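Here's the letter readout for the chains.
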Amino acid sequence: MPMPAGIATVTLTGRYVHPDGSPFAGKVTFATPALLTLSGADTIAAGSATVTLDAAGQFSVILVATDNADMQPTDWAYRVTEQLTGIDPRTYSIVLPSTNSPVDLADIAPADPALGSYVPVPGPAGSAGNTILSGNGTPPSGAGRDGDYWMNLDAWELYGPKASGAWPGTGLPITDVINSVNGQTGTVVLRAADVGADTAGAATAAVTSHTAAVDPHGDRAYTDTQIATRTPTSRQITAGTGLTGGGSLTADRSLAVAFGTTGTTAAAGNDSRLSDARTPTPHAASHAAAGSDPITIAQSQVTGLTAALAGASSSTAWRRRDLPDQALADSLYTGSAPTISTAQTTTPTTGYIKYAPPGVTLAGTDVTGPFAFLGAGGLQVGVSAPDNSYALPTSKYPNTYASGQSIWSVEFGTDAQIFQVRMKYISTATTYRLSIDGRKVTDLMQSSGGTTAGSGHLITIDLGSAAPRRIRLDFTTFPFGGVYLPPTATMWQVPAQGGRLMVFGDSLSDGSAQNTGAGAGSWFARAARLLGVTDAWEQARGGTGYITPGAYATLADRLNTDVIAWAPDRLVIWAGYNDNGGNQTTIKTAADSLYAAIKAGLPNCQVYVIGCWSATATPATSVTNTDATLRTAAAAAGFPFISPLTGGCYDATGTLVATHGAWINSGNIAGYIGSDNVHPTDAGHVYLSRRIVTALRALMPA
């Protein structure tokens with residue numbers, strides 16, 4: 001809509017392209033620092049304006065000028081936030097004076113935000129300044145401008161300032177003008193004799209002579225007699241302990257070390273006592289903390305201690321005896337089945353209190369919920385309605401709010417019988433799964449029950465009775481708007497269990513159309529439960545690999561932002577299928593580089609590598625070669641390796657420790673592989689979770 005009348009504006013344009021000229025996608029936000037009161041236009045402005053780049057990567061927006069008259073506050077600047085697909089966001093500040101319109105953002109944005117946030121915009125040219133003119137006689141009427149002065153060099157009179165185009169009729173006499181020098185007029189040359197000065201070099205010679213003199217002032221030289229009157233000869237030089245000699249100052253004196261074997265003498269360098277064998281007297285007690293001579297050692301003085309302590313505090317190696325009961329860990333909830341319904345509304349039951357995600361604006365009785373967000377990070381709230389009421393994580397490539405995180409979870413404790421979950425319905429892909437006290441209510445992800453895409457909904461869950469419980473909600477394509485509880489119920493935070501487990505790979509972990517619930521229905525979520533892990537990060541992207549970016553990016557390109565930045569305790573790398581048609585040397589180089597970067601960025605992380613997948617009983621040669629290439633690279637990096645082709649389990653040295661047989665064979669392929677002849681079905685993912693956990697257990701200490 002048009003800007004209200006009486007407000008000065010600036011038209012700001014911009015364009016964003018890649019180095020090859022292809023346009024960026026994304027958005028740019030211009031935010032004011034506070035409420036702006038424009039009294040001259042009877043308007044208050046606040047908040048931000050966001051523009052979305054068009055197909056050419058361009059935008060044009062009309063903004064309130066930062067120098068509007070009658071505006072409070074003054075001297076403010078816009079805060080610019082650039083959110084471009086594929087690169088880190090950037091924030092800086094600009095000012096937009098009304099005299100510079102239109103203006104392009106490229107002309108005022110900083111090249112390096114570290115060099116400063118505020119970018120000056122040139123203002124209009126200033127008015128001309130005034131000067132003092134001079135000449136013989138009175139000032140001509142046409143000379144100078146208002147405010148100038150005129151010096152009459154004939155009479156030494158100063159006229160001015162000129163006003164209304166006219167000079168004053170009389171000038172101000174300038175007295176004490178120099179008319180002569182040393183009694184001479186005209187061009188005057190002065191010599192040393194004219195002013196009584198020394199001839200050239202006389203001063204230098206005098207200083208040199210003064211410096212060389214022994215006593216130039218006649219009061220600094222002392223005779224022996226004079227010195228004697230200042231230090232009495234009766235003064236004694238006394239030999240202290242271990243010394244001999246000394247005496248009065250009536251003669252020259254010297255001191256010598258007294259050598260010997262008594263307590264007041266020193267030992268000579270060749271004294272036999274310095275080299276003979278002796279048994280130390282027991283004195284451990286004196287070095288203890290409460291002893292007379294305690295010994296204190298700083299942590300920095302022990303080589304490798306800091307790294308060892310860091311490793312010990314980071315995570316504990318998996319042991320088979322610490323894992324949950326395999327018969328129960330992935331089992332279903334056996335309590336009374338909850339009653340669940342979905343309605344297209346954002347109005348909760350009367351009196352219910354909203355427990356909102358962090359970042360959502362609170363109102364009334366709303367509070368920020370003590371949720372444990374698991375399986376993802378970088379939680380963000382949308383910019384404009386209705387998204388500003390919903391949170392989504394951004395920890396997975398391409399790391400933007402709108403890109404979606406395939407899997408993430410929310411856990412909390414509550415004693416409520418009934419609670420309501422707020423969500424924004426996206427599509428049939430908007431699914432969830434409820435778990436109660438560590439047991440899933442349904443095996444697969446369930447439809448959210450939403451109706452109109454883009455609308456807010458409430459899922460009401462009745463547990464049948466009020467009792468303390470641990471609630472978990474797994475989400476897929478599910479913008480989360482919080483939980484509503486009755487005023488008589490409470491909510492508390494629950495801790496994550498089993499450390500942070502992450503998988504990094506392709507659609508075998510990210511899910512496909514052949515299974516339910518995308519990545520939430522893949523082998524990884526089940527394996528995490530079998531391993532006792534609640535914070536399970538599915539950081540895989542379909543179609544990608546070591547050298548294959550697919551529609552996203554290679555593993556190496558995603559490593560820092562998707563993996564290292566989130567510091568997993570344990571990492572499973574499963575990729576290679578999308579690379580098997582490539583050059584094996586290239587694959588090996590990429591794997592070596594990736595593993596080295598992981599070791600450098602995550603020195604305390606337990607890493608496992610799974611080899612190349614095969615959905616057939618007779619793997620192609622390229623698949624077999626890729627599996628062998630990855631096994632070699634894993635051994636070189638010191639990472640345990642699991643082969644899907646043979647079931648071989650190799651420890652960190654590359655030694656085969658167990659062989660479980662090929663995962664896919666002619667007898668099970670029909671039951672486990674989908675119609676695309678590549679991806680596992682729901683049953684296939686159940687099967688893979690058991691095979692992979694069994695292989696991991698074989699690589700763990702008892």
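This text follows the structure it describes.
Residues numbered from 1 in each chain as written. Predicted model: local features only at pLDDT ≥ 70, side-chain atom pairs only at ≥ 80, totals over all residues. Heavy atoms only, no water.

Colleague: How should I be thinking about a nonpolar patch on the surface in this particular structure?
Modeller: A cluster of nonpolar side chains, namely Ile237, Leu243, Leu249, Leu255, Val257 and Phe259, defines an oily patch on the protein surface of about 510 Å² accessible area. Residue placement: Leu243 occurs in strand β17 (residues 243-248). (Patch = residues over 30% accessible without salt bridge, like charges linked within 9 Å, V, L, I, M, F, W, Y side chains within 5 Å. Areas by Shrake-Rupley, 256 points an atom, 1.4 Å probe, with all protein chains shown as cover. Salt bridge = Lys/Arg side-chain N within 4 Å of Asp/Glu carboxyl O. Helix = DSSP H or I, 4+ residues; strand = E, 2+ residues; numbered from the N terminus.)

Colleague: What am I meant to see in the packing of aromatic side chains here?
Modeller: Remark: the centre distance and the inter-plane angle together describe each pair of aromatic rings, the angle taken between the planes. One pass over the full model with this rule turns up 22 aromatic pairs. Between Phe641 and Tyr650, the aromatic rings sit 6.1 Å apart at their centres with planes inclined by 55 degrees, giving tilted as the arrangement. By the burial criterion, Phe641 is buried, and Tyr650 matches it. By the ring-pair criterion, three or more aromatic residues cluster together here, those being Phe371, Phe373, Trp408, Phe412, Phe419, Phe475, Phe478 and Phe480. One cation-aromatic arrangement involves Arg541 over Tyr552; the distance from NZ or CZ to the ring centre is 4.7 Å. One Lys or Arg, Arg631, reaches over the ring of Tyr650 and ends 4.9 Å from the middle of that ring. (Phe/Tyr/Trp six-rings, centres within 6.5 Å; stacked < 30°, edge-to-face > 60°. Buried < 20%, exposed > 50% of the residue type's maximum accessible area, 1.4 Å probe, protein only. Lys NZ or Arg CZ within 6 Å of the ring centre and 35° of its normal.)

Colleague: Could you clarify how one ought to interpret the pattern of salt bridges in this entry?
Modeller: Oppositely charged side chains can form a pair if their charged atoms are brought close together. All chains considered together, the criterion is met by 17 salt bridges. In this structure, Arg90 and Glu82 form a salt bridge, with 2.8 Å as the shortest nitrogen-oxygen distance. The exposure class assigned to Arg90 is partly exposed, which follows from its relative accessible area of 21%. Using a relative accessible area of 7% as the deciding quantity, one classes Glu82 as buried. Lys396 serves as the salt-bridge partner of Asp510, at 3.0 Å between the closest nitrogen and oxygen. Taken together, the residues Asp510 in helix α5 (residues 507-510) and Lys396 in the loop between β24 (391-392) and β25 (408-414) connect sequence positions 114 residues apart. Classification of Asp510 as buried rests on a relative accessible area of 10%. Look at Lys396 and you get buried, because its relative accessible area is 1%.

Colleague: It is not clear to me how the pairing of strand β32 (residues 480-485) should be interpreted in this structure. Could you clarify?
Modeller: Of all six residues in β32, six are buried, a share of seventy percent or more. Relative to β32, strand β20 (residues 353-356) runs antiparallel, the two sharing three bridges. Note on β32: the bridge partner recorded for Lys354 is Tyr484. Pairing analysis gives four bridges linking strand β26 (residues 418-424) to β32, with the strands arranged antiparallel. (Pairing = 2+ DSSP bridges.)

Colleague: Looking at this structure, I do not really get helix α9 (residues 621-637). What am I missing?
Modeller: Since the α-helix advances by 3.6 residues per turn, residues separated by three or four positions end up pointing in the same direction. An ideal rise of 1.5 Å per residue puts 24 Å on 17 residues; α9 measures up with 25 Å between its terminal C-alpha atoms. Restricting attention to buried positions, one finds in α9 the residues Val623, Thr626, Asp627, Thr629, Leu630, Ala633, Ala634 and Ala637. One side of α9 carries all its buried residues, which in axial view fall inside an arc of 165 degrees. Relative to its buried face, α9 has exposed residues pointing more than 90 degrees away, namely Thr621 and Ala636. For α9, the elements touching its buried residues are α8 (584-601), β37 (606-610) and β38 (641-642). Two residues or fewer past α9, Gly638 is found with a positive phi of approximately 80 degrees. (Expected span 1.5 Å × (residues − 1). Arc of directions from axis to C-beta. Contact = heavy atoms within 4.5 Å.)

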